[in-house]
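# Summary of the model geometry
Each chain, letter by letter, is given below.
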Amino acid sequence: MRPYIFTEIEKKWQNRWQEQKSIIGSKACTTTDTPKYYLLNMFPYPSGSGLHVGHYMGYVASDILARYYKHNGYHVLNPMGFDAFGLPAEQHAIQTGRHPAITTAKNIEKYTAQLNQVALDFDWDQSVNTSDPAYYKWTQWIFLQMFNAWYNTATQKAAPIDTLIQEFARHGNTKVQAACDDHTPIFSAEEWGTYTETEQQTKLLHYRLAYLKDSIVNWCEGLGTVLANEEVKDGLSERGGYPVTRKKMKQWSLRMTAYAERLRADLDSLDWPLSTKEMQRNWLGKSEGAEITFRVQGQRGETIMVFTTRPETIFGACFIALAPEHPWVHFMAKKTGDVELMTYIEQSQNRSDRSRLAETNFLSGVFVGACVIHPFTGAPLPIWVADYVLPNYGSGAIMGVPAHDKRDYIFAQSFDLLTLPVIESTVLIEDGPYEAPEGKMINSDFLNGLSVSEAAKKVVQILTQKKIGRYKVNYRLQDPIFSRQRYWGEPFPIYYKENGLPYPLAASQLPLVLPAVSSYTPNQSGAPPLGNAANWSTPEGYPLDLHTMPGWAGSSWYFLRYMDPHNTATFLSKEKEAYWKGVDFYIGGAEHATGHLLYARFWTKLLYDLGHIAIHEPFPRLLHQGLIQKLTAIVYRLKDKNVFVSAGLISEYDVMPIYIPTAFVEKEVVDLKALKNWRPDFADACFLLEGGIYICGGKMEKMSKSKHNVVDPEQVIAEYGADALRLYLMFLGPLEQSKPWDLSGIEGSFRFLNKAWRFVHHAKATWTTTALDQATLKIMHQTIKNVTHAIQKCSFNTAISSLMICLNRLATCEQVTPSIVADFILLLEPFAPYIAAELWETIGKTGSIRAVTFPLWDETYLEEKTFTYPIAVNGKVRTKMVFEFNIPPMTIEKAVLANEVIQKWVAGKSPKKVVVVPNKMVNIVV
């Protein structure tokens, strides 16, 4: 018997499959009599460092499912593509002058080779690349659908902008129910008819689902672009660690808030992890309350609108707090020239939302020098600017009720402001606020004696009657900013006329391809990199938009394009969508719960509203693969010097942690020579040592390139083979749980493959064609059942365990039949395709194993025909005996009394009673 040499076997089958260039079930198919199954993975960004073993967790899982369903006659779509627009390629271009497309293509080639190395049976003929003009033509087209649409809140659907224009011509906007900008002006049909084109287009921008507005953004000078909140940590860019400031810029935004309620309500219908649905609900952040108008004291007609979820506490309002970004704050700062106020505004705006909300002991603020009038008592309430109020919550203005809100209480304590309880409780004001929404109202005029819920309703009713407030549903969700000041992204299909307003390109002009530029950095005037392009304008000479779309643009709809990737007439044909009917099962990371998953749901609903697709949810079933964790290595640098402090000394210094490659560390000791050669900033650094060595810190964390703790899969494959890596990843534990990486564990998977190899070769040399005993058949059919159910439930570790148990039992059999061996190889194939293909050929099978039907179990072999009875004497079990089912109790009794062990315990006495409970137990009473 030749040994199991995985290097030869895997290379042989890689070449064989490449030559065949056919994957069972992957070709385009629209026959209605073929059942379909659409599996989807979150597609990767192709970075230069390639994939690490953690990436394979979800990919191998989906590959097992794809192979299983193909074995069962399904037409499976299991595609793979690349989210190819991204900052790393752009930064590389800035540093080297090399076009990002060149780097991206090289990285895609590396990723594809790595994925094929592990026998991932992806449908490469269905692949997409978001940076390919043939793909982003349709991303641009979808953007135009948004630009040319508005959201009708009466029908709760998006509609073409032409329908809104028709309504304006008939009735103006007095009866329009729409998601639009705050303070959108009211006009009549007659006024609309007199407006110039510029005036009409300006009014329409208030309603478009893709619109321009001045936004407070995270500006990173070092990267030359705006960053999303999740790309900023502690005031620094997540990539590169560059300082980030907050500034106002005109940006494209998408009116995603119009879909907030649908996004929240439709979560109930999804088969998703509960934690993910809860994360989305929290991100959407539905709040019910009231908008209240406060009149500014001494300023005729000047008001401040406040949102509160606790309108019943209106009489407990002791101050008004505004976000530093609030327009009225800027108006006052400019009007008064208050240096303290202007300084505070600037400092606060450069703090991230996270840090502004993190304060727990002291909250900062500045008194504006003005008051508002309480709408019921007429008392003056001081107006403060405070950075614990965020511009994106409500209207960026709150009424401070210190007695019943923790943060208001801390703020009041910080500045010795009045605190007035308005809900009866046993909590003393000195001990903190009473935040429970229950109790009787006190100190509240006409609300006294009412319950909290009764008071809330009454306040809203009176506010509405007096026209100084109204009931309001508010969401934490904000319209996402859709502009990036980068080169490597989708150009906006927008040009600007002399009036400075945006106009859409015609669909026939798409794709608008990225131009060649002289530099990938902003130009001398500060314009984005597209400002460095020659003749970046329409044929008529109108300037084109200089921004590009964010990285998540292409990933918000790629799952639709997979169904029809080569269609040049439309982004997805009705016929292909009717056949595939969308994704059946999505496997991907939980870290995308409030980013990609929300954006994809939003884009899907919008395309559904406009009649372009028939599904309104992209991913009915979702599973998150667990993270692969590995110990990180951390060094500590002084915050103000290029000096690194050993871990045991950091309590004496103010340090910042920096991750370094774990390859530089052995038993917590850092190889300083390797570290100094790693990056220029370490080359001339000083190191404070302990006993002549540098000790690093570390913790078990997600395997990540940014944390430099990744494991190169090619090294693992070179030592153990791709099949062993696949088995090990799936055998680590339940798919959805995170697991620590321990290379020693792969030895067990490797031994199992060797044992399977020996079993098949030995069985082939000795097998029989005569009928097998029931016990052997039961082993095989029980394994088929267990593995099938485990695959269907994605319990792959359980399936592998069943295969291991089965192999151990079959290996003890002197002879097995060819069908037993074939069934075992078929069960193994989804998990270890290389060795399975080789063993299939070894036992004389022709044709592809992937085209063979998955084994079916026969319940008749699993039926128990005997029962093992515990035999007790005076209630104590003394032995066990096996009897066939349904044997008469009297026969059992005679056999039990004749048993040598029982005779010993009965000791010649005549039993008083023998109790036989069928298929349960026997008890002899003496």
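Residues numbered from 1 in each chain as written. Predicted model: local features only at pLDDT ≥ 70, side-chain atom pairs only at ≥ 80, totals over all residues. Heavy atoms only, no water.

### Notes on the sheet that holds strand β24 (residues 655-660)
Backbone hydrogen bonds are what pair the strands of a sheet, in a parallel or an antiparallel way. Reading across from one edge, β24-β22-β23-β27 is the order of the four strands in this open sheet, with mixed pairing throughout. Edge strands, defined here as strands with exactly one partner in the open sheet, are β24 and β27 (686-688). When strand polarity is set aside, the average angle formed by the axes of neighbouring strands in this sheet is 35 degrees. With three bridges connecting them, strand β23 (residues 643-645) and β27 associate as parallel partners. Bridge assignment links V645 to a residue of β27, and that residue is L688. (Pairing = 2+ DSSP bridges. Helix = DSSP H or I, 4+ residues; strand = E, 2+ residues; numbered from the N terminus. Axes fitted to C-alpha atoms, helices over the stretch in contact; angles between N-to-C directions.)

### Side note on the packing of aromatic side chains
Both the distance between ring centres and the angle between the ring planes are used here to describe each pair of aromatic rings. Counted under the stated rule, the structure contains 70 aromatic pairs. Taking the centre distance of 5.3 Å and the plane angle of 40 degrees together, the rings of F319 and F411 count as tilted. Within this pair, whereas F319 is found in strand β12 (residues 319-322), its partner F411 is found in helix α14 (residues 406-415), the two being separated by 92 residues in sequence. Taking relative accessible area as the criterion, F319 reaches 0% and is therefore assigned buried. Ring centres 6.1 Å apart and planes at 50 degrees place the aromatic pair F482 and W603 in the tilted group. Taken as a pair, F482 in the loop between β16 (469-475) and β17 (494-496) and W603 in helix α19 (residues 596-609) lie far apart in primary sequence, 121 residues in all. (Phe/Tyr/Trp six-rings, centres within 6.5 Å; stacked < 30°, edge-to-face > 60°. Buried < 20%, exposed > 50% of the residue type's maximum accessible area, 1.4 Å probe, protein only.)

### Structural notes on the confidence of the model for the chain
Across the chain, pLDDT averages 92, with 98% of residues at or above 70. Low confidence marks residues 22-28, where pLDDT is under 50. Its contacts with residues over four positions away, or in another chain, come to 20 contacts. (pLDDT = per-residue confidence, 0-100. Contact = heavy atoms within 4.5 Å.)

### Some details on the packing of helix α26 (residues 796-810) against helix α27 (residues 818-828)
Axis separation between α26 and α27 bottoms out at 11 Å; the angle between their running directions is 155 degrees. On the basis of the axis angle, α26 is roughly antiparallel to α27. Where α26 crosses over α27, the two elements pack in a sense that is left-handed. Between α26, through L803, C806, L807 and L810, and α27, the contact on the second element is made entirely by I820, F824, L827 and L828. Across the contact of α26 with α27, the residue classes tally to eight nonpolar, no polar and no charged. (Parallel < 35°, antiparallel > 145°, perpendicular 65-115°, else oblique. Left-handed = near helix turned anticlockwise from the far one by under 90°. Nonpolar A, V, L, I, M, F, W, Y, C, P; charged D, E, K, R; others polar.)

### Here we look at the side chain of N78
Within the element layout of this structure, N78 appears in the loop between β2 (75-77) and α3 (87-96). By relative accessible area, N78 is classed as buried at 0%. The contact partners of N78, leaving out residues within four places of it in the chain, are L39, N41, S62, D63, A66, D121, F122 and D123.

### Describing the pattern of salt bridges
For the coordinates displayed, the defined rule picks out 33 salt bridges. When the shortest N-O distance is used, the salt bridge between R170 and E167 registers 3.4 Å. Here the residue R170 and the residue E167 both occupy positions in helix α6 (residues 161-171), the gap between them amounting to three residues, near one helical turn. We classify E167 as buried; its relative accessible area is 18%. Each of the salt bridges in this network shares a partner with another, and the network as a whole consists of R2, K12, R16, E838 and E841. (Salt bridge = Lys/Arg side-chain N within 4 Å of Asp/Glu carboxyl O.)

### Side note on helix α28 (residues 833-842)
With nine of ten residues buried, α28 is to be regarded as a mostly interior element. Of all the positions in α28, only P833, Y834, I835, A836, A837, E838, L839, W840 and T842 are classed as buried. Trailing α28 by a residue or two, G844 shows a phi angle of about 90 degrees, which is positive.

### Looking at the side chain of T104
Tracing the backbone shows T104 in helix α4 (residues 100-117). The exposure class of T104 is buried, given its relative accessible area of 4%. Beyond its immediate stretch of four places on either side in the chain, T104 contacts P46, A84, A89, S131 and W488.

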